[in-house]
Each structure stands twice: as structure tokens, then as C-alpha cells.
Amino acid sequence: MITENYDVIVIGGGAIGLATAYHLGKRKAKTLVLEQFTFVNQLGSSAGVSRQFRIPYPDEYMVQMALDAQPYWDELESASNTSLLDKVGTLWFGDPAVHSTEGNIAEAEAALKALNVPYTTLTAKEIEEKYHFKNLPETYTGLFQPDGASINFKATIEALLGLCQKEETVELKENSPVLKINQIGKLFEIETPNGIYITEKLSIIPGPYINSVINLLDFKIDATYWNMSSAYFKKTDPAIQYPTWFVFQNAIGQNGNQFYGFPSVDWDHPEYIRVAPDFVITPLEEPNERTLIPNQQELGYTAEWVRDHMTGLSTEPEYTSTCLIALSTIPNKELLIDFAPSYVPNHKNIVLYATGWAAKFTPFLGKIMSDLALDGHTDFDITPFQLGQKFFKAI
């Protein structure tokens, strides 16, 4: 078995794990990335081709995080010489009283106003006239924020992977699940099927598989798992275009009634529009329950909404896919960024990121995680994302 020493080992080679390794490489830290599957796989929260970049959030600290992320996207595009964001704007609309997994329109408007972020308010009629929706209730309101974008997410991961491969101090190993974590004084010994690796610092970013890693350190976090469905609808009007959007509506019975969508883009079925439900009918207990086949009932609800409220599209879903996401069950904690609990030896040398929708923050989170690993702190205020000792569970 191979044994080699590193400054930092990153566990998880998805988008944010690679972004962390990229920033570690820029600081010339000897870094190893361990990915349990292959790089650019479709088995975790990095699955899929497109994501939304948006600034509207109901909390000012999340709006600020999105604003802070923008220059890191610019830097990544420059470093990789790749266009990653298609800036089409963000449209939020629907029932102003609804609170969803994405927040609330009125609260988002207040947060944008507090931070002097430009946006436009819209009536239901204006949304229909400007953005191709139809048959909206008159009570619906909306806001449009022009800095929203569709992220070429596959290209983002490939760009980060390519930059990591160019860094002399970064090593990448796929098909390398972590089997055991041993503590040797102040060092961590990481066992995989392909070798044993030693490090002073651990950065744990395995997406929905977080507990399978931190269980090896005798603690866990509470999470639920969504196998999210997605589909593409063919354009019947080639000239039609949508922004990135999200609709806030009350649930139908026990099922969600909230949907989101993307523009057509040249990197992802250009003659189609992607529309997806922002709910699951049955959450998973464990990530290994996931399937690559989307829930047909969820797609049925989506097709009905497309038929009733969108123009210029067929109503038959095509090119379907799924994406596995872990969501925190702790109130008001979407993203979890913290050190391991204090009862874990060397806990200040173990930093972890878990849960939530964070693709829009990818390069910025890489900077945050690399600084936490190397320096033990970051200039960005992570207080809203820290678990606190009471939320970690010993096992």
C-alpha cells in the first residue's frame, strides 16, 4: 500500500471539492483529492449540466454571499478561459404570501433593497407580457434581478478539474472511497482501496455522502435526501427565450407546487427549455436509495404546469434526469460550514461543508474551505452556517 504525506486531503471531488483543491493549489499547499466515484460523475449533487446563479434570497447574509461570489466566478472564467455564466437574469414570481425552500418574494425584496441590489417589481400581467408565462392569478407578484445567470455547471467542473491537473501541488485520485480515518497524534491516516495517505488537515466535502465519511470520525449530522427530477421541453417557437425563474405557489395536497426553469442554452439541448419541480414526493432516508430514473408523478405535475402556464413549449417531458441532494433538517441552516465537533481529536484541523443548494457559490466556497483548512479562519462571516456543538451527534 502507498503511504504519502499531504498538507490537506480533500474528501469529495465534486464541484466544491475541486474548487477547494484549486484554491489550495494556488497557495501551493500539497493537496490530495479523493473521489469515491469518477470525476465529473452524475451520482451526487454535482449531477446535471446547468444550475442557476441568483442573488435574491430572503436573508441579507445570503444575498451578500451571492454578491461576494461574483468576482470568484469572473476569476474562474479568466483562469480557465471558459465562459461559464449565461447572464439572463433571475425572475421570482408567484403568491407573495408563500414561503418555500427558496424563501419568500417579499423578504427577498427587502433583503435586496437593504443591500442596494438593483431589481424590478412586476405585476402578474407584466410577467405574462415580458416573460412568456400565461394564465397567472392576478394576485401574483414578481421581481426581476438582472444579474442572474444560467451556469454551465458541467463546464465549471471540467474547468476546475483541468486547473487542478495543472497545479503541481494538487493530486487527484478517483475511485478512491475513504474506508477508514485513523488518528496518529496530530496526523490523520486515510485508508482507501488504492492506498493509505497521511495529512495534517482534512477538508470533507462529499456532498450527500457526508455521513458516510464523518461517521468514521464518530459523529453525524441530521439530513434528508432528495432525488430531484428534471426534464426538458422542446420549443415549439424557436425564438422564445426565458430567464432563470422560480414560481412560489401553495402545495397541492401533500405534494409541492413549486417549479423552476432555465433558458435554452447552446451547451445543453439548445432547442429545449429545462423545467423542474422544486419538491420531491418521497424523500430518501439514505443517499444509497437514489435512482437515475426520475419520479414520473413529479414529472407529471411539471408537465401540467408547463401546459397551463408557459408558452412556446411542447408539454411532453424529454431528456429526463435526477440529482441527489442532502438538505439540512436544522431550522434556518441551509448550508453547513464548520469544523468538526470539539470531542473529535484535532477537530480544528477538520473542516466540512454539507447540505443545501450551493452550485452558485462554487468558486467562492472553494476559497472559504481552503482558507479554513490552511488558516483556521476565513475573512467571510460563516457564523450563519456553523452548526454549533449541539447539532452534531456522536455515534
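The shown structure was predicted, so the numbers you read here are calculated from the model rather than taken from an experiment.

## A few points about the overall build of the protein
Then, in step 1: A count of helical and extended segments in the protein gives 8 helices and 21 strands.
Then, in step 2: In terms of C-alpha radius of gyration, the protein reaches 21 Å, essentially the compact-globule figure of 21 Å for 395 residues.
Then, in step 3: Overall, the C-alpha framework of the protein stretches about 65 × 40 × 40 Å when taken along its three principal axes.
Then, in step 4: Residues counted as buried form 57% of the 395 residues belonging to the protein.

## Quick look at the domain arrangement of the protein
Then, in step 1: Segmenting the protein into domains produces domain 1 (8–47 + 154–219 + 331–394) and domain 2 (90–146 + 224–328).
Then, in step 2: In this structure, domain 1 and domain 2 have C-alpha centres spaced 30 Å apart.
Then, in step 3: At the interface, 14 residues of domain 1 touch 16 residues of domain 2.
Then, in step 4: Joining domain 1 to domain 2, the criterion identifies 4 residue pairs in polar contact (both at pLDDT 80 or more).
Then, in step 5: Taken together, the residues of the side of domain 1 that touches domain 2 sort by class into 6 nonpolar, 6 polar and 2 charged.

## Regarding the packing of helix α1 (residues 15–26) against helix α5 (residues 153–166)
Then, in step 1: One can describe the packing of α1 onto α5 by two numbers: an axis separation of 9 Å at closest approach and a directional angle of 35°. By crossing handedness, the relation of α1 to α5 is classed as left-handed. Residues A15, L18, A19, A21 and Y22 of α1 form the contact with α5, whose own contacting residues are F153, I157, L160, L161, L163 and C164.

## Some details on helix α4 (residues 124–131)
Then, in step 1: A124, I127 and Y131 are the residues of α4 that are buried. On an axial view of α4, the arc spanned by its buried residues comes to 70°, and they lie on one face. More than 90 degrees from the buried face of α4, the exposed residues found are K125 and E129.
Then, in step 2: Packing partners of the buried residues in α4 comprise β5 (90–94), β6 (120–123) and β7 (141–145).

## Digging into the side chain of R51
Then, in step 1: Mapped onto the secondary structure, R51 falls in strand β3 (residues 50–53).
Then, in step 2: Buried R51, no salt bridge; nearest opposite-charge side chain is D268, N-O distance 8.4 Å.
Then, in step 3: In this structure the side chain of R51 is engaged in a polar contact, spanning 2.6 Å, whose partner is the backbone oxygen of A47.
Then, in step 4: Setting aside residues up to four positions removed in sequence, R51 forms contacts with S45, S46, A149, S150, I151, F153, F262, C323 and A359.

## A short note on the nonpolar core
The tendency in soluble globular proteins is for nonpolar side chains to be buried as a group.
Then, in step 1: Core analysis: the biggest nonpolar cluster contains 70 residues, and M65, I337, Y353, F361, L365 and I368 have the highest contact counts within it.
Then, in step 2: When residues are assigned to domains, this core turns out to be shared by domain 1 (8–47 + 154–219 + 331–394) and domain 2 (90–146 + 224–328), each giving three or more.
Then, in step 3: Apart from the residues within four sequence positions on either side, I368 is in contact with M65, I337, T378, F380 and I382.
Then, in step 4: Judged by nonpolar contacts, the second largest core, of 27 residues, contains A124, Y140, V275 and A303.

Parameters at a glance
- Residues numbered from 1 in each chain as written.
- Predicted model: local features only at pLDDT ≥ 70, side-chain atom pairs only at ≥ 80, totals over all residues.
- Heavy atoms only, no water.
- Helix = DSSP H or I, 4+ residues; strand = E, 2+ residues; numbered from the N terminus.
- Rg over C-alpha atoms; globule rule 2.2 N^0.38 Å.
- Buried < 20%, exposed > 50% of the residue type's maximum accessible area, 1.4 Å probe, protein only.
- Domains from an automatic or database assignment.
- Contact = heavy atoms within 4.5 Å.
- Polar contact = N/O pair within 3.5 Å; in protein donor to acceptor, adjacent residues only side chain to side chain.
- Nonpolar A, V, L, I, M, F, W, Y, C, P; charged D, E, K, R; others polar.
- Axes fitted to C-alpha atoms, helices over the stretch in contact; angles between N-to-C directions.
- Left-handed = near helix turned anticlockwise from the far one by under 90°.
- Arc of directions from axis to C-beta.
- Lys, Arg positive; Asp, Glu negative; His and termini not counted.
- Salt bridge = Lys/Arg side-chain N within 4 Å of Asp/Glu carboxyl O.
- Core = buried A, V, L, I, M, F, W, Y, C linked by side-chain atoms within 4.5 Å.

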